[in-house]
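# A look at the structure
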Amino acid sequence: MTEKIVQTAGRNQLGEFAPEFAHFNDDVLFGENWNNQDIDVKTRCIITVVSLMAQGITDSSLKYHIDNAKKHGVSQKEMAAIITHVAFYAGWPKAWAVFNLAKEVYCDVDSQTGSDGEFNSDKESYQKSIFFPIGEPNPYGKFFDGQSYLAAVSKEQVPMFNVTFEPGCRNHWHIHHAKSGGGQMLICVGGRGFYQEWGKDAVEMTPGTIINIPAEVKHWHGAAADSWFSHLAIEVEGEETSNEWCEAVTEEDYAKAVNK
């Protein structure tokens with residue numbers, strides 16, 4: 001049987017000033033409504049977070065409901081996917097505000113050991129600084145110099161992946177081909193990195209930086225030499241799209257790009 005939800009905040013804070021409101025809050029909203037078994041509590045938590053986010057309410061009440069969602073089984077990965085999905089409908093700035101609250105709730109988890117049984121302090125410490133999961137070693141690693149990781153954020157509607165680079169890691173020059181449309185969008189979500197188009201200076205990327213990459217433009221992106229780096233990679237829909245991997249970025253060109 002699901003544990004009964006009991007709320008006393010209304011009476012604790014408004015019992016004398018607004019006793020009727022306190023009654024509705026504690027006994028009706030959280031008493032009758034939240035304990036109604038027509039919808040499970042985890043689903044109610046998700047609905048509530050989405051509703052508050054859509055209204056732009058990003059105060060302590062939303063943080064409470066994010067924490068409540070965590071306590072009732074919403075994982076960090078699920079919460080990240082929920083906020084990301086709603087961002088396309090409710091607005092990107094709202095998502096950033098909600099992620100800041102969610103990080104406070106979810107990033108207090110105890111450190112865990114890696115898959116090899118040993119604690120990786122650098123990786124684990126960096127994971128706590130970003131909300132999206134770092135994921136597993138990148139299956140496209142042969143097109144990267146250095147260690148990178150890949151985590152699926154959304155595979156439906158708009159496919160989206162979080163790509164994480166260890167310090168100094170970068171991918172090879174590459175081109176997103178398309179007969180029409182196509183290209184890619186990068187959104188930095190952690191650390192510091194760089195994006196460079198062929199024949200142009202590199203652009204520094206820090207959390208919140210958005211890069212729009214047109215089709216047919218040769219480019220690379222990767223971490224600064226002294227920082228981890230993560231970005232969301234969003235493929236832009238197009239006709240007859242494909243990806244061409246080219247030569248690696250030389251040490252000389254990388255140093256020149258990141259040291260300007």
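The structure we're discussing is the one just above.
Reference entry: report on the structure contained in this document.

Parameters and conventions
Residues numbered from 1 in each chain as written. Predicted model: local features only at pLDDT ≥ 70, side-chain atom pairs only at ≥ 80, totals over all residues. Heavy atoms only, no water. Salt bridge = Lys/Arg side-chain N within 4 Å of Asp/Glu carboxyl O. Helix = DSSP H or I, 4+ residues; strand = E, 2+ residues; numbered from the N terminus. Expected span 1.5 Å × (residues − 1). Buried < 20%, exposed > 50% of the residue type's maximum accessible area, 1.4 Å probe, protein only. Arc of directions from axis to C-beta. Contact = heavy atoms within 4.5 Å. Pairing = 2+ DSSP bridges.

### Considering the pattern of salt bridges
Considering all chains together, one arrives at 11 salt bridges under this definition. The salt bridge partner of R11 is D27, with a shortest N-O separation of 2.5 Å. Residue R11 is found in helix α1 (residues 9-14), and its partner D27 is found in helix α2 (residues 19-33); the two are separated by 16 residues along the sequence. Overlapping salt bridges bring together R11, D26 and D27 as one network.

### Brief notes about helix α4 (residues 60-71)
For α4, which comprises 12 residues, the first-to-last C-alpha distance of 16 Å matches the rise-based estimate of 16 Å (1.5 Å per residue) to within 8%. Turning to α4, its buried residues are L62, H65, I66, N68 and A69. Take α4 and look down its axis: the buried residues cluster within an arc of 160 degrees, on one side only. Relative to its buried face, α4 has exposed residues pointing more than 90 degrees away, namely S60 and K71. On its buried side, α4 packs onto α2, α3 (41-55), α5 (76-90) and α6 (92-106).

### Observations regarding the environment of V105
Within the fold, V105 resides in helix α6. Assessed through its relative accessible area of 4%, V105 is described here as buried. Sequence separation between V105 and Y64 is 41 residues; the distance between their C-alpha atoms is 8.9 Å. Once residues lying within four places of it in the same chain are set aside, the contact partners of V105 are K63, I66, D67 and K70.

### Digging into the sheet that holds strand β4 (residues 160-165)
Reading across the sheet, the 6 strands line up as β1-β3-β4-β13-β8-β11 and stay open at both edges, with antiparallel pairing between neighbours. Two strands lie at the open edges of the sheet, namely β1 (136-137) and β11 (210-213), each paired on one side alone. Sheet analysis places strand β8 (residues 184-191) next to β11, joined by 4 bridges and oriented antiparallel. Across the sheet, residue M185 finds its bridge partner in β11, namely N212.

As far as function goes, none of this settles anything; it's purely spatial.
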